[in-house]
Amino acid sequence: MSKPPLESDISPDSKLLITGARGFIGKNLSAKLINKGYKNILYYDRDTDPKLLKEYTKECDFVFHLAGVNRPKDEKEFMEGNFDFTSLLLDELKANKNKAPILISSSIQAELDNPYGKSKKAGEDLLLSYGRENGVRVCVYRLPNVFGKWCRPDYNSAVATFCNNIAKGIDIVVNDPERVMKLVYIDDVTDEFINALENRENKLDDYCYIPTVHTIKLGRIAELIKGFKAERESCILPKLSDAFVKKLYSTYLSYLSEDDFSYDLKMNIDNRGSFTEFIKTEGNGQVSVNVAKPGITKGNHWHHSKIEKFLVVKGKGCFKFRRLGSSEVIEYHVSDEKLEVIDIPPGYVHNIINEGDEELVTIIWANELFDKDNPDTFYEEV
């Protein structure tokens, strides 16, 4: 459970050491720390001059120990990367009499009897013993699968591989669609790591944890990502009220090729102008763009239940309304000089007239998707 916040010695001027700084979590963490105002970050990675470790362990005020090995060519590299380097790091800290708190990113596989899990467990045990023997605060995080931007595809993340391949039109293989995955999102991880930096970590017994974990089948993940790609054709956004879907959609978009950020919309063009659907949602209606040429009137219809909001973003025009069965006409004159929303209530015949010398461009939101079999749109002139 989370403990109440305590007085912390950490300040924006503190020196923070990140091992594995160029890895997936390291890059996201360093960016988040900088955003939070922490500027003195000591970056250590596999190609850093080893001599700098002595210097960094002398002056650091907190250690994010993220370095590790999970896909070696030889199994012995598991222990070398996940235990031996941890041992070296702690030896350097002891030699410098530096009792800076240490956070280590471990894995839920530390509970398993395989070479990777054994090496992670050995690193955990070493750090926990170091903390007890030297009076040092340690935070051991056994992370499940982590997903988010900048994760390397075709490495150790199915989510990264699926996002990358589907975004680029490469086939994916789902060997076991029923496999249940436990996932944490990179922003939730880095937020919790900063909690630990500031002495507010979530902890139960010897281990710290990420509060938000998503449980979902592998086949469902693939299905969702394929749906994200299809959104460009359907204009239907995924259900972003679902926290996991929202995070997965952001992750997917981060894998788009840089020459594939844009896509065309279907413009319905006639002599009056054009009408283009932009975004559709599951349960929150749709957004469209309406373009009317000078002197053109569009609309002249009413709805039983459908409601709309109009926003003129270019040109000037006049909205006319008449309650069904009444002869009284109400007018609203609008232009891009003052952005204002016009509500279209049900039961009112309405139209919009382009009163300017240029195209009238209007953003329209409707509370429901257009249904050609039940359009709820009935012609009548204002």
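Residues numbered from 1 in each chain as written. Predicted model: local features only at pLDDT ≥ 70, side-chain atom pairs only at ≥ 80, totals over all residues. Heavy atoms only, no water.

Chemist: Give a detailed account of the overall build of the protein chain, specifying residues and quantitative values.
Modeler: When helices and strands are tallied, the protein chain shows eight helices and 21 strands. The C-alpha atoms of the protein chain give a radius of gyration of 29 Å, which is well past the 21 Å a tight globule of 382 residues would have. Each principal axis of the C-alpha atoms in the protein chain carries an extent, and together these give about 90 × 45 × 40 Å. Split into buried and exposed, the 382 residues of the protein chain put 45% on the buried side. For the protein chain, long-range pairs separated by at least 24 residues make up 73% of all intrachain contacts whose partners lie at least 6 apart in sequence. Surface summary for the protein chain: the accessible area is close to 20400 Å², and the carbon and sulfur share equals 50%. In the protein chain, 52 positive and 61 negative side-chain charges are present, and the distance between their average locations comes to 3 Å. (Helix = DSSP H or I, 4+ residues; strand = E, 2+ residues; numbered from the N terminus. Rg over C-alpha atoms; globule rule 2.2 N^0.38 Å. Buried < 20%, exposed > 50% of the residue type's maximum accessible area, 1.4 Å probe, protein only. Contact = heavy atoms within 4.5 Å. Areas by Shrake-Rupley, 256 points an atom, 1.4 Å probe, with all protein chains shown as cover. Lys, Arg positive; Asp, Glu negative; His and termini not counted. Charge placed at Lys NZ, Arg CZ, Asp CG, Glu CD.)

Chemist: So what's going on with the packing of aromatic side chains? Residues and values would help.
Modeler: Taken as a whole, this structure holds 10 aromatic pairs when the rule is applied. Ring centres of Phe-62 and Phe-64 lie 4.8 Å apart, and the angle between their planes is 50°; on these two criteria the pair is classed as tilted. One aromatic cluster is present, built from ring pairs that chain together Phe-147, Tyr-185 and Phe-244. Stacked on the ring of Tyr-207, the Lys or Arg Arg-142 has its end atom at 4.2 Å from the ring centre. Its end group placed over the ring of Tyr-155, Arg-152 keeps NZ or CZ at 4.1 Å from the ring centre. (Phe/Tyr/Trp six-rings, centres within 6.5 Å; stacked < 30°, edge-to-face > 60°. Lys NZ or Arg CZ within 6 Å of the ring centre and 35° of its normal.)

Chemist: Lay out the environment of Leu-339 in plain terms, naming residues and giving numbers.
Modeler: Structurally, the position occupied by Leu-339 is in the loop between strand S17 (330-335) and strand S18 (341-344). Among all residues touching Leu-339, those that are not within four sequence positions of it are Leu-311, Val-312 and Val-313.

Chemist: Before we move on, can you summarise the packing of helix H5 (residues 158-167) against helix H8 (residues 243-253) with the specific residues and values?
Modeler: To characterise two packed helices, one gives the angle between the axes of the helices and the distance between these axes. Two elements in contact, H5 and H8, have axes separated by 9 Å at closest approach and are oriented at 55°. As the angle between them shows, H5 and H8 are arranged oblique. Seen along the crossing, H5 lies across H8 with a hand that is right-handed. Contacts between H5 and H8 involve Val-159, Cys-163, Ile-166 and Ala-167 from the first element and Leu-248, Thr-251 and Tyr-252 from the second. Grouping the amino acids of the contact of H5 with H8 by side-chain chemistry returns six nonpolar, one polar and no charged. (Axes fitted to C-alpha atoms, helices over the stretch in contact; angles between N-to-C directions. Parallel < 35°, antiparallel > 145°, perpendicular 65-115°, else oblique. Left-handed = near helix turned anticlockwise from the far one by under 90°. Nonpolar A, V, L, I, M, F, W, Y, C, P; charged D, E, K, R; others polar.)

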